[in-house]
Amino acid sequence: MESSQIQRKLCVLHLLFFSYYLVQVIGLEEGYLKYMDPKQPLKVRINDLLGRMTLAEKLGQMSQIERAIAKPHVLKNFFIGSVLSGGGSVPSSRASVAVWVSMVNEMQKAALSTRLGIPILYGIDAVHGHNTVYNATIFPHNVGLGATRDPALVKRIGVATAIEVRATGIPYIFAPCLAVCRDPRWGRCYESYSEDPKLVQAMTAIISGLQGDIPVNSPKGVPFVGGWKHVAACAKHYVGDGGTYKGINGNNTVINFNGLLNVHMLPYLSAVNKGVSTVMVSFSSWNGVKMHANHYLITDFLKNKLNFKGFVISDWTGIDLITNPPSINYSYSVQTGIHAGIDMIMLPYEYKDFIKDLTYQVNNKIIPMSRIDDAVKRILRVKFTLGLFEKPFADLSFSYQVGNKEHRELAREAVRKSLVLLKNGKPGEMALLPLPKNADRILVAGSHAHNLGYQCGGWTITWQGKSGNTLTTGNTILDAIKSAVKPTTKVIYSKNPKTPFINKSKVSFAIIVVGEYPYAEVVGDNMNLTIPEPGLSTMKNVCNNIKCVVVIISGRPLVIEPYVHMIDALVAAWLPGTEGQGVTDVLFGDYGFSAKLSRTWFKSVDQLPMNTGDAHYEPLFPFGFGLTTEPSHSH
């Protein structure tokens, strides 16, 4: 049987299944249900459904659990409202699009078999493309996109990411990260577009790509999703996550309210105005108060002053961390987090304890029912806006979109527009870049030259990222060099060549690709920011013997000042993702270098934190720095 016929049969079965539950479980034949009528105004649908819900059904909607424990009986018996894939949580290794769709639909069936048939909302981290899914397009991380200074490009990336996510049956993503990273020692700095709040604010254009353009004259703060090709987005991590002491993840951000508004809050104003569906609360504290416990910033400011009408979600076990040590008084954590204004709790495992504690607190008037109703209304508003009640099941109609040629070309464009040229030629010497494609022999060296995992960084297939060329599909920089040069050019690759080998190789020049090994939050916090070995040794060995271009693969500026003098050309490539040819597009002159630093490049870590506009500002390369070149070849 052809796949299209199978598809049609599946769709018919899903519709029959859904119709059965509308009649048998909800009792549609007994009366007209306004919440099931898409012609009814949104407010009417929300209030109609809310009015039919028991306390257990309401608290279930406020619970988000991990995919691994989201069994049908759990979803049904506890009326669970949302499921997520934690970092690297997949149905199976290298799972196909069909496997993802089938998994989400099975969960949806369980949710729809409950009394009221409220669909679940499945969420996943898609922070640089659909980064948990094998064969998806992996775009440059945000630190590189900030260097493009191109909000229109970032919006297009949002469009491509949304449809790849939807292809796998998922309607909700935990992105974009709107952190304004003020200290590169923070392990999430690569998730931040810039140290400059105005640049981060401009990059909220990605929300319009992910969710669709909010209609003109829409009321500010109301969530918007423009159809089946789009997803609900999540602005994170509210607020001040990029300003913690020494860049330590989840630490304390010490800044007055005016500073918080002008530095860290600015991107959220734009996100709310663009109709962002959800906001995720930060692990960090503001002046000693945990953000997950901050009633003023979540309820009074975000919900009441900014008029945000979507829902507020906790981070992973975020309420547990309200106490120190975590979970020492879980009831207190539940009470404090819900009272602060968090609507959905990313539990992700202890759903029984959460529901039990919150049930007790509502029944004993510790948490008022009005707070629960506010949370559930917000969650339902997003579900209705997404069209989940009309189309709860996914199909395979977008499966061809995952990792398609068009999206990979877009990622390649993003790579070449994100590369910052920091040096091009030693004093008194000719510029080295762009490189000739017809050289006799080229040496390619460095730990990162032929390693797709290193090139993509953290949040790629797994949470922390990993080494190797098998984790997903793409082009390494070495692959790209080989395809960029003339067939007559010999490309010699040696990960860490020693001096005798270099001298014997008789090459015209060397391309050295070194940098950080993959990491994500917590693990990535780094107080010294040096290029790890053997990167430095490779750089010294090669650059002291022949002309060299050093390409740094990193999520942030690293200590380079002691070595700049020996390097002929220096390129910050950030974490470019799967499309290595974007790097060679500019190295070999098909396109010119155009990107500008979205972060200050320090001389020494002793200067940190140091940001543009500071009184004592003595960087190695200032914010906004970037040399340009002209294309040397037609393309």
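Residues numbered from 1 in each chain as written. Predicted model: local features only at pLDDT ≥ 70, side-chain atom pairs only at ≥ 80, totals over all residues. Heavy atoms only, no water.

So, on to the state of the cysteines. Tallied over the entire structure, the rule returns two disulfides. Put simply, C543 and C548 are joined by a disulfide, and their sulfur atoms are 2.1 Å apart. Because the sign of the S-S torsion sets the handedness, a value of about 110° for the bond joining C543 and C548 places this disulfide among the right-handed ones. On the basis of relative accessible area, C543 is assigned to the buried category, the value being 4%. The exposure class of C548 is buried, given its relative accessible area of 0%. Taking only the cysteines that form disulfides and numbering them from first to last, the chain has the pattern 1-2, 3-4. (Disulfide = S-S within 2.5 Å. Buried < 20%, exposed > 50% of the residue type's maximum accessible area, 1.4 Å probe, protein only.)

The amide bond that connects N324 to the next residue, P325, takes the cis arrangement and shows omega of 0°. Looking at where P325 falls in the secondary structure, it is placed in the loop between β10 (311-313) and α12 (330-340). With an omega dihedral of -5°, the bond running from L608 to P609 counts as a cis peptide bond. Tracing the backbone shows P609 in the segment after α20 (581-587). For N287, which is not glycine, the phi torsion reads 45° and is therefore positive. Structurally, N287 is set in the loop between β8 (285-286) and β9 (289-290). The backbone of I461 shows a phi angle near 65°, a positive value even though the residue is not glycine. (Helix = DSSP H or I, 4+ residues; strand = E, 2+ residues; numbered from the N terminus.)

Tallying each qualifying case throughout the model produces 14 aromatic pairs. Taken together, the ring pairs in this structure connect F257, W286, Y296 and F301 into an aromatic cluster. The aromatic ring of F623 is capped on one face by R149, whose charged end is 5.0 Å from the ring centroid. Across the ring face of W459, the terminal group of K236 is positioned such that the distance to the ring centre comes to 6.0 Å. (Phe/Tyr/Trp six-rings, centres within 6.5 Å; stacked < 30°, edge-to-face > 60°. Lys NZ or Arg CZ within 6 Å of the ring centre and 35° of its normal.)

Right, let's talk about the confidence of the model for the chain for a bit. In this model, the chain carries an average pLDDT of 95, and 95% of its residues clear a pLDDT of 70 or more. In this model, residues 23-29 is a region of pLDDT below 50 whose contacts with residues beyond four sequence positions or in other chains number 16 contacts. (pLDDT = per-residue confidence, 0-100. Contact = heavy atoms within 4.5 Å.)

Where helix α2 (residues 42-52) meets helix α14 (residues 369-386), the closest approach of the two axes is 10 Å, and the angle between their N-to-C directions is 130°. The pairing of α2 with α14 is recorded here as oblique in orientation. For the crossing formed where α2 meets α14, the hand is right-handed. In contact with L42, R45, I46, N47, L49 and L50 of α2, α14 contributes D373, V376, K377, L380, R381, F384 and T385. Grouping the constituent residues of the contact of α2 with α14 by class yields seven nonpolar, two polar and four charged. (Axes fitted to C-alpha atoms, helices over the stretch in contact; angles between N-to-C directions. Parallel < 35°, antiparallel > 145°, perpendicular 65-115°, else oblique. Left-handed = near helix turned anticlockwise from the far one by under 90°. Nonpolar A, V, L, I, M, F, W, Y, C, P; charged D, E, K, R; others polar.)

Okay, the environment of A232 next. Locating A232 in the fold gives a position in the loop between α9 (205-211) and β5 (234-238). Through-space distance from the C-alpha of A232 to that of A175 is 9.2 Å; in sequence the pair is 57 residues apart. Among all residues touching A232, those that are not within four sequence positions of it are P171, Y172, I173, Q211, V225, S277, V382 and L386.

We now examine helix α10 (residues 257-273). A rise of 1.5 Å per residue sets the reference length of α10, with its 17 residues, at 24 Å; its end C-alpha atoms lie only 21 Å apart and thus fall more than 12% short of the reference. M265 marks the point of greatest bend in α10, at about 65°, and the proline P267 comes within the next four residues. Every buried residue of α10 is accounted for by G259, L260, V263, H264, M265, L266, P267, Y268, S270, A271 and V272. Positive backbone phi, approximately 80°, marks G275, located one or two places after α10. (Expected span 1.5 Å × (residues − 1). Bend = angle between axes of the 7 residues up to and from the residue.)

Moving on, we come to the environment of I481. Mapped onto the secondary structure, I481 falls in helix α17 (residues 477-484). Exposure remark for I481: the relative accessible area of 0% places this residue in the buried category. Between the C-alpha atom of I481 and that of K437, which follows or precedes it by 44 residues, the distance is 9.2 Å. For I481, the residues in contact, after removing those within four places along its chain, are V444, V491, I511, T584 and F588.

What follows deals with the pattern of salt bridges. All chains considered together, the criterion is met by 28 salt bridges. Of the charged contacts, one joins E57 and R115 as a salt bridge, the two residues approaching to 2.8 Å between their closest N and O atoms. In this pair, E57 is assigned in helix α3 (residues 55-61) and R115 in the loop between α5 (97-112) and β3 (121-124), connecting sequence segments 58 residues apart. For E57, a relative accessible area of 5% gives the class buried. For R416, the salt bridge is made with D585, and the minimal N-O distance between the two is 2.9 Å. (Salt bridge = Lys/Arg side-chain N within 4 Å of Asp/Glu carboxyl O.)

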